[in-house]
Amino acid sequence: MKPFVFFVTLFAATALHAQNADRVRVACVGDSITYGSGIQGRESNSYPAALQHFLGEKFEVKNFGVGGATLLKKGDKPYWKQTAFKEATDFNPNIVVIKLGSNDTKPQNRTNITEFATDLAAMVDAFAALPAKAKIYLCMPAPVYKTQWGINEESLTTEVIPAIRKVSAEKKLTTIDLHTALAGQKELFPDNIHPNAAGARVLAETVFAAIK
């Protein structure tokens, strides 16, 4: 590479790194709803992608959603053991949006549901201990319009959401009520569990309102 071309390339890379370093890093931690399962063109239409659009270029939003993930450490697919969890902590986010709990309502996971609050508090502590000292938001999961794959509304409203509220109060965290925001909008949930692109946009708007 010629010296001049090398200098220009190095300068551009350094400038880009500096620009990214100045952006507010937002980690969207969650399950398949965060990932964007079932959404056509999820890279552009998932809720984290829509949130990036709303927040603008001063923010860097990353999608750390994992399909089927549980908040419970003893769940059938603990988020704790997924590569995304390490990637999310390595990201050293300034803001963390945690949206887990739907998969914890499955029958095989409810046997340990009493540990949900303890495990959620531990996840909050894990992100809070990172160098960036992130502001953490806890989401009330989206409504379940029909029991699918064991995911059910009763456990969500009587066990998971109360546990989230408990941890939020104890840790003095802001909650984001996606359950209410998406209530009465079954048409946005083709399979009764996962929102479509329009539903993901509503989700993103709700998270955006809380952050801003």
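Keep in mind the model is a prediction, meaning the values are calculated, not measured.

What counts and how
Residues numbered from 1 in each chain as written. Predicted model: local features only at pLDDT ≥ 70, side-chain atom pairs only at ≥ 80, totals over all residues. Heavy atoms only, no water. pLDDT = per-residue confidence, 0-100. Contact = heavy atoms within 4.5 Å. Buried < 20%, exposed > 50% of the residue type's maximum accessible area, 1.4 Å probe, protein only. Helix = DSSP H or I, 4+ residues; strand = E, 2+ residues; numbered from the N terminus. Arc of directions from axis to C-beta. Phe/Tyr/Trp six-rings, centres within 6.5 Å; stacked < 30°, edge-to-face > 60°. Lys NZ or Arg CZ within 6 Å of the ring centre and 35° of its normal. Axes fitted to C-alpha atoms, helices over the stretch in contact; angles between N-to-C directions. Parallel < 35°, antiparallel > 145°, perpendicular 65-115°, else oblique. Nonpolar A, V, L, I, M, F, W, Y, C, P; charged D, E, K, R; others polar.

**Considering the confidence of the model for the protein chain**
The share of residues in the protein chain with pLDDT of 70 or more is 90%, and the mean pLDDT across the chain is 93. Note that pLDDT drops below 50 for residues 4–19; the model gives that stretch 2 contacts with residues more than four away or on any other chain.

**Quick notes on helix H4 (residues 47–55)**
Within the sequence span of H4, burial applies to Tyr47, Pro48, Ala50, Leu51 and Leu55. All buried residues of H4 lie within an arc of 155 degrees about the axis, which places them on one face of the element. Looking one or two residues beyond H4, the residue adopting positive phi is Gly56, at roughly 90 degrees.

**Let's talk about the packing of aromatic side chains**
The tally for this structure, following the rule as stated, stands at 6 aromatic pairs. Where Tyr145 meets Phe189, the ring centres are 5.2 Å apart and the plane angle is 50 degrees; that geometry is what we call tilted. Taken as a pair, Tyr145 in the loop between strand E4 (135–140) and helix H8 (153–171) and Phe189 in the loop between helix H9 (178–181) and helix H10 (197–211) lie far apart in primary sequence, 44 residues in all. The buried category is assigned to Phe189, whose relative accessible area is 1%. If you follow Arg42 out to its NZ or CZ, it ends over the ring of Tyr35, 3.7 Å from the centre. Over the aromatic face of Trp80 sits the side chain of Lys73, whose NZ or CZ is 4.6 Å from the ring centroid.

**Re the packing of helix H5 (residues 83–90) against helix H7 (residues 116–128)**
In the contact formed by H5 and H7, the axes pass within 10 Å of each other and the chain directions differ by 40 degrees. Relative to H7, H5 is oriented oblique. On the side of H5, the interface is formed by Phe85, Ala88 and Thr89, while H7 contributes Met123, Ala126 and Phe127. A class-by-class count of the residues in the contact of H5 with H7 yields 5 nonpolar, 1 polar and no charged.

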